[in-house]
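# Inside the fold
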Amino acid sequence: MAGQEDPVQQESHQDWVNREYIEVITSSIKKIADFLNSFHISCHSRLATLNEKLTALKRRIEYIEARVTKGETLT
C-alpha cells in the first residue's frame, strides 16, 4: 500500500512533531524569562537611582526646614 505509513512510522512522525512543538514552546518561555530578567534588572537599577535622588532631596529639605525654624537666612 503505497503512500500509507505503518503505525510505528505514524507514531514516530507524531513524536517528532510533538518534540518540535515542545522545543518552540520551551524556546519561547526562555525568551520571555530572559526579557523579564532584563526588565527587572533595568527597573531595579533605575529605582535605586531614583531612591538616591529622593533621599538627597529629603535631606536637603530637612536641612532647609531646620534653618528656617532657627530663623537663619538661606543665602
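Let us look at the structure shown here. (Residues numbered from 1 in each chain as written. Predicted model: local features only at pLDDT ≥ 70, side-chain atom pairs only at ≥ 80, totals over all residues. Heavy atoms only, no water.)

## Focus on the overall build of the chain
A tally of regular secondary structure across the chain gives one helix and zero strands. For 75 residues, the compact-globule estimate of 2.2 N^0.38 gives 11 Å, and the chain exceeds it by more than 25% at 32 Å. Seen along its three principal axes, the alpha-carbon backbone of the chain occupies a region of about 105 × 15 × 10 Å. When burial is assessed residue by residue, the chain has 1% of its 75 residues classed as buried. In the structure as shown, the chain presents an accessible area of about 7400 Å², 60% of it carried by carbon and sulfur atoms. (Helix = DSSP H or I, 4+ residues; strand = E, 2+ residues; numbered from the N terminus. Rg over C-alpha atoms; globule rule 2.2 N^0.38 Å. Buried < 20%, exposed > 50% of the residue type's maximum accessible area, 1.4 Å probe, protein only. Areas by Shrake-Rupley, 256 points an atom, 1.4 Å probe, with all protein chains shown as cover.)

## Details of the packing of aromatic side chains
Applying the stated criterion across every chain yields a total of one aromatic pair. Relative to Phe-39, the ring of Phe-35 lies with its centre 6.0 Å away and its plane at 25°, an arrangement referred to as stacked. Linking Phe-35 with Phe-39, this pair stays in helix 1 (residues 7-70), spanning four residues, or about one helical turn. When its relative accessible area of 53% is taken as the criterion, Phe-35 is described as exposed. (Phe/Tyr/Trp six-rings, centres within 6.5 Å; stacked < 30°, edge-to-face > 60°.)

## Considerations on helix 1
The end-to-end C-alpha separation of helix 1 is 92 Å, in line with the 94 Å expected for 64 residues at 1.5 Å each. One side-chain oxygen of the residue at the start of helix 1 lies 3.1 Å from the amide nitrogen of Val-8, identifying that residue as Asp-6. Backbone geometry just downstream of helix 1 places Gly-71 in the positive-phi region, at approximately 85°. (Expected span 1.5 Å × (residues − 1). Polar contact = N/O pair within 3.5 Å; in protein donor to acceptor, adjacent residues only side chain to side chain.)

## Examining a nonpolar patch on the surface
A surface patch of nonpolar side chains, amounting to about 420 Å² of accessible area, comprises Tyr-21, Ile-22, Ile-25 and Ile-29. Structurally, Ile-22 is set in helix 1. (Patch = residues over 30% accessible without salt bridge, like charges linked within 9 Å, V, L, I, M, F, W, Y side chains within 5 Å. Salt bridge = Lys/Arg side-chain N within 4 Å of Asp/Glu carboxyl O.)

## Considerations on the pattern of salt bridges
Summed over the entire model, instances satisfying the criterion amount to one salt bridge. Of the charged contacts, one joins Asp-15 and Arg-19 as a salt bridge, the two residues approaching to 2.7 Å between their closest N and O atoms. Pair noted here: Asp-15 and Arg-19 are both in helix 1, with a separation of four residues, about one helical turn.

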